[in-house]
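A structural walkthrough
In case you want the letters, here they are:
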There are 2 protein chains.
Amino acid sequence: MAQQERAVRTRRAVLEAAATVFAEHGYTAATVADILKTAGVTKGALYFHFDSKEALAKGVLELQTDMALPEQEIKLQELIDVAMSVAHRLVHEPLLRAGARLSADPMGRRHYGSAWPLWVDVLTDILTVAHQRGETLAHVVPREVAELVVSSFNGVQLYAQLETDLEDVEYRVSVLLKHLLPSIASAPVLMRLDVAPDRGARILREAVQVPVPA
Amino acid sequence: MAQQERAVRTRRAVLEAAATVFAEHGYTAATVADILKTAGVTKGALYFHFDSKEALAKGVLELQTDMALPEQEIKLQELIDVAMSVAHRLVHEPLLRAGARLSADPMGRRHYGSAWPLWVDVLTDILTVAHQRGETLAHVVPREVAELVVSSFNGVQLYAQLETDLEDVEYRVSVLLKHLLPSIASAPVLMRLDVAPDRGARILREAVQVPVPA
């Protein structure tokens, strides 16, 4: 294994371990010692990549939007696909749960930031193209709707996390989208959108993961 | 002042102080000593009403839904009025900010509970009557929509809290309701609803506060 490839793997392993600890304990209660133990790497290897708990949290947040989903004929379907695939990944990946928890922590803004602006950018880009293609209703302002989807999604996932331990998060996000989309999409587009609760699982099977940059 | 009246006032003052401290620092970092200092009552007076930090948090949560808003001709308007008046009160009252923060804290479920089930009950009751009166679309399931509104509202208020220090929370909640209601209300009802950002301020001016039980 080339040295650079090994470094990339170590960095990823450390971030996965950090995510597991942040998702379970939150930022304040998490310690670098816990993360070291979970990652199974040396202290030197960890500090080579990340010089603080803050840097670890930032690294976890940067990975949140790092995924490539297949393009869709209807651009608005891609907004649904982002939301439903994140809902699915929340159930299965500590990385996404950590991102949600870190971003919702009032402590975060002073220390490491938030993934919300990244998600708002992803959805604004999709909505801007959808708007240009005439898929959205006339009154839709891409950034405003993007912030609405990110913020309401976050409330729904937090509710599912605390009330049902994420068991029904995909169903709840599907209900949210079913209620929001009639005031976003034009009628002919609306009826062709797939917002089924299992959409995330299906689309992720098709997706190709973007390699983590070194 | 009668002894009972004094006890009611002391209890309320302690809970307002607890709310201020919880809203600012969160449950874990808050201490009973901070709350004592903020309340300006004796240790004995505080412990007469609340024997622990847990009991203080529970007391704050119980007060969240304790408000009487004027009845409306269209029942669905009352759902909007609850949401918009809470949005308005979040800006002005630590009591509501504490309720939101305590309810969203993953620690909470083990220690003091959450205000979310109280809000879901309030909205389910309104939606059930609205449904019986034919104001809602046929597919609306009152409890499901109530949970959707509570969870998405919570996401929007948290977003406003962390991104703009609540400056635009009333506008954001208004945008949320404008996007959700077309898939909840029948068309003739929809066009008669008032979801303006200043609805909360206006309705609270009419409202009569329910006295806190002793």
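Cut-offs and rules
Here the residue numbers are simple positions, counted from 1 along each chain's written sequence. To read the labels, note that chains go from A and ligands from 1, taken in the order they are written. In keeping with the predicted nature of the model, local features appear solely for residues at pLDDT of at least 70, side-chain atom pairs appear and are counted solely at 80 or more, and the whole-chain, interface and lining totals rest on all residues. Working from all heavy atoms in the structure, the side-chain values ignore hydrogens and water. Every residue pair with non-hydrogen atoms within 4.5 Å of one another is taken to be in contact. Defined here as a combined quantity, buried area equals the accessible surface (1.4 Å probe) lost by two parts on assembly, summed across both. Criterion for a salt bridge: a side-chain nitrogen of Lys or Arg within 4 Å of a carboxyl oxygen of Asp or Glu. Counted as a polar contact is a pair of N or O atoms within 3.5 Å, where, for protein atoms, one must be capable of donating a hydrogen and the other of accepting one, and residues adjacent in sequence contribute only when both atoms are in side chains. A run of H or I in DSSP counts as a helix once it spans at least four residues, and a run of E counts as a strand once it spans at least two, with each numbered from the N terminus. Residue type decides the class: Asp, Glu, Lys and Arg count as charged, Ala, Val, Leu, Ile, Met, Phe, Trp, Tyr, Cys and Pro as nonpolar, and the leftover types, Gly among them, as polar. Each domain's extent is set by a domain assignment, obtained either automatically or from a database.

What follows is about the interface of chain B and chain A. Taken together, the contact pairs 34 residues of chain B with 33 residues of chain A. In total, about 2800 Å² of surface goes out of reach between chain B and chain A, with carbon and sulfur atoms giving 66% of it. When the area that chain B buries against chain A is broken down by residue, the three leading residues are Y159(B), L162(B) and H179(B), summing to 24%. Summed over the shared surface of chain B and chain A, the number is four salt bridges. For R172(B), the salt bridge goes to E147(A), with nearest N and O atoms at 2.6 Å. There are eight residue pairs in polar contact (both at pLDDT 80 or more) connecting chain B and chain A. Elements represented by at least two residues in the side of chain B that touches chain A include exactly α6 (94–104), α8 (116–132), α9 (142–164) and α10 (169–180) of chain B. Looking at the side of chain B that touches chain A element by element, the count peaks at 14 residues for α9(B). For the side of chain B that touches chain A, the residue count by class is 17 nonpolar, nine polar and eight charged.

Here we come to the domain arrangement of chain A. All names here are of chain A. By the assigned domains, chain A splits into domain 1 (3–62) and domain 2 (75–206). A C-alpha centroid distance of 27 Å is found between domain 1 and domain 2. Summing both sides of the interface, domain 1 and domain 2 together bury roughly 1300 Å²; the carbon and sulfur share of this comes to 70%. On the domain 1 side of the contact with domain 2, A23, Y27 and L61 bury the most area, a combined 44% of that side's loss. Linking domain 1 to domain 2 there are two residue pairs in polar contact (both at pLDDT 80 or more). Elements that contribute at least two residues to the side of domain 1 that touches domain 2 include exactly α1 (3–29) and α4 (53–62).

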